[in-house]
Amino acid sequence: MGKIVAFLNQKGGVGKTTTCVNMAGYLAQMGKKVLLLDIDPQGNASSNLGIEKDSKPKTIYNVIVDDNTIDEVIVPTKLENLDLIPSDVDLAGAEIELVQMNNREKVVRNILKKVVNNYDYICIDCPPSLGLITVNALTACDSVLIPIQCEYFALEGLSQLMYTIKLVKKHLNENIDVEGVVLTMKDNRSNLGQSVAQDITKYFGKKVYKTIIPRNIRLAEAPSFGEPICVYDPKCTGAIAYRTLTEEFLKNNE
């Protein structure tokens with residue numbers, strides 16, 4: 001059975017989607033069969049993997065709200081071993097639809113049950129919020145990977161996130177755990193990044209990955225070309241960091 005990992009931080013702009021897409025890309029390159037589920041209505045992970053928003057593909061919304069099966073919305077990506085369930089802005093309306101459904105917190109879990117045995121890893125790119133869609137992801141997943149930006153307000157809102165995970169563990173998914181915390185967007189010219197890294201390590205201890213993702217212009221460019229960094233520029237510092245992070249993740253999961 002595949003492992004389901006939710007990439008989550010309700011604070012936007014912390015490198016959540018970048019981390020999800022690029023780790024999924026490297027897992028696929030390393031021979032793992034991977035499915036990326038985009039459940040962020042912004043659909044940035046879908047764009048990052050080459051899905052044109054104007055093309056109006058079937059998305060996870062069509063599985064949640066319409067009669068489409070999950071197999072009908074899974075699309076292959078440019079990378080061998082990496083499949084995608086896209087998202088788009090329509091998914092914002094799914095919050096309202098979900099409220100009226102039976103077992104509304106378990107809709108995504110029941111959808112993924114049908115394909116979890118086909119993959120080694122399912123990576124969920126969550127919205128930057130703690131709404132019903134995110135609760136669905138937390139109910140479906142085995143663990144949560146939390147990207148945190150190396151900036152002054154990094155720890156802001158983390159207590160609320162941890163409280164939400166604790167509530168889900170108590171009432172909906174007793175198996176959920178924090179997979180790890182990855183520090184992103186570190187500016188090596190600044191002492192602030194080092195200070196923030198120390199504070200986060202104090203808070204999360206051994207859950208913090210040793211690999212830190214630096215600020216890197218090539219990482220910022222890759223999404224506009226519809227490619228993960230392992231395809232766009234595998235030799236840049238950002239690519240090397242994400243490859244090392246993925247190796248660390250796999251080592252922890254052996």
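For the structure itself, look to the data block above.
Residues numbered from 1 in each chain as written. Predicted model: local features only at pLDDT ≥ 70, side-chain atom pairs only at ≥ 80, totals over all residues. Heavy atoms only, no water.

Novice: Hey, could you go over helix 12 (residues 237-253) for me, with residue numbers and the actual values?
Specialist: Taking 1.5 Å per residue as the helical rise, helix 12 with its 17 residues ought to reach 24 Å, and the 24 Å between its terminal C-alpha atoms agrees with that figure. Turning to helix 12, its buried residues are G238, A239, A241, Y242, L245, T246, E248, F249 and L250. (Helix = DSSP H or I, 4+ residues; strand = E, 2+ residues; numbered from the N terminus. Expected span 1.5 Å × (residues − 1). Buried < 20%, exposed > 50% of the residue type's maximum accessible area, 1.4 Å probe, protein only.)

Novice: Tell me what's going on with helix 1 (residues 16-29), and back it up with residues and numbers.
Specialist: The terminal C-alpha atoms of helix 1 lie 20 Å apart, and with 14 residues this matches the ideal 20 Å at 1.5 Å per residue to within 8%. The buried fraction of helix 1 amounts to 12 of the 14 residues, a majority that puts the element mostly inside the structure. Of the residues making up helix 1, those classed as buried are K16, T17, T19, C20, V21, N22, M23, A24, G25, Y26, L27 and A28. Looking at the residues trailing helix 1, positive phi occurs at G31, about 95°.

Novice: Describe the side chain of N68, and please don't skip the residues or the numbers.
Specialist: Following the sequence through the fold, N68 ends up in the loop between helix 3 (60-64) and helix 4 (70-73). Among the residues examined, N68 registers a relative accessible area of 15% and is labelled buried. One polar contact links N68 to E72, side chain to side chain, over a distance of 3.4 Å. (Polar contact = N/O pair within 3.5 Å; in protein donor to acceptor, adjacent residues only side chain to side chain.)

Novice: So, the packing of helix 1 against helix 12: which residues are in play, and what are the values?
Specialist: It is at 9 Å that the axes of helix 1 and helix 12 come closest, and there the two elements cross at 70°. Taken together, the axes of helix 1 and helix 12 are roughly perpendicular relative to one another. As helix 1 packs across helix 12, the resulting crossing turns out to be right-handed. Residues T18, T19, N22, M23, Y26, L27 and Q29 of helix 1 lie in contact with helix 12, whose contacting residues are A239, Y242, R243, L245, T246, F249 and L250. When the residues that make up the contact of helix 1 with helix 12 are grouped by side-chain class, the tally is 8 nonpolar, 5 polar and 1 charged. (Axes fitted to C-alpha atoms, helices over the stretch in contact; angles between N-to-C directions. Parallel < 35°, antiparallel > 145°, perpendicular 65-115°, else oblique. Left-handed = near helix turned anticlockwise from the far one by under 90°. Contact = heavy atoms within 4.5 Å. Nonpolar A, V, L, I, M, F, W, Y, C, P; charged D, E, K, R; others polar.)

Novice: Go over the environment of N253 with me, naming the residues and quoting the values.
Specialist: Within the fold, N253 resides in helix 12. What makes N253 partly exposed here is its relative accessible area of 24%. Separated by 100 residues in the primary sequence, N253 and F153 place their C-alpha atoms 30 Å from one another. Ignoring anything within four residues of it in the chain, the contact list for N253 reads K3, Y121 and E179. Looking at N253, its side chain comes within polar contact range of the side chain of K3, at 2.6 Å.

Novice: So what's going on with unusual backbone geometry? Residues and values would help.
Specialist: Most peptide bonds take the trans form, and the phi angle of most residues other than glycine is negative. Notably, N81 is not glycine yet its phi reads approximately 80°, a positive angle. With respect to the helices and strands, N81 occurs in the loop between strand 3 (75-76) and strand 4 (82-85). The phi angle at N103 is positive, at roughly 50°, despite the residue not being glycine. For N103, a relative accessible area of 52% translates into the label exposed.

Novice: Quick one: what's the story with the environment of N9, residue by residue and with numbers?
Specialist: Along the polypeptide, N9 turns up in the loop between strand 1 (3-7) and helix 1. The class of N9 is buried, set by a relative accessible area of 2%. Setting aside its immediate chain neighbours within four residues, N9 contacts V14, K16, P128, I146, P147, I148 and L161. One polar contact links the side chain of N9 to the main-chain carbonyl oxygen of P147, over a distance of 2.9 Å.

Novice: Break down the pairing of strand 5 (residues 121-125) for me, citing the residues and quoting the values.
Specialist: One face of the sheet, then the other: side chains in a regular strand alternate in exactly this way. Of all 5 residues that make up strand 5, 5 are buried, and the element is covered over most of its length. Residues Y121, C123 and D125 point to one face of strand 5 and I122 and I124 to the other, with burial holding for every one of them. By the bridge criterion, 5 bridges tie strand 1 to strand 5 in an arrangement that is parallel. Residue pairing for strand 5: V5 is matched across the bridge by C123. (Pairing = 2+ DSSP bridges.)

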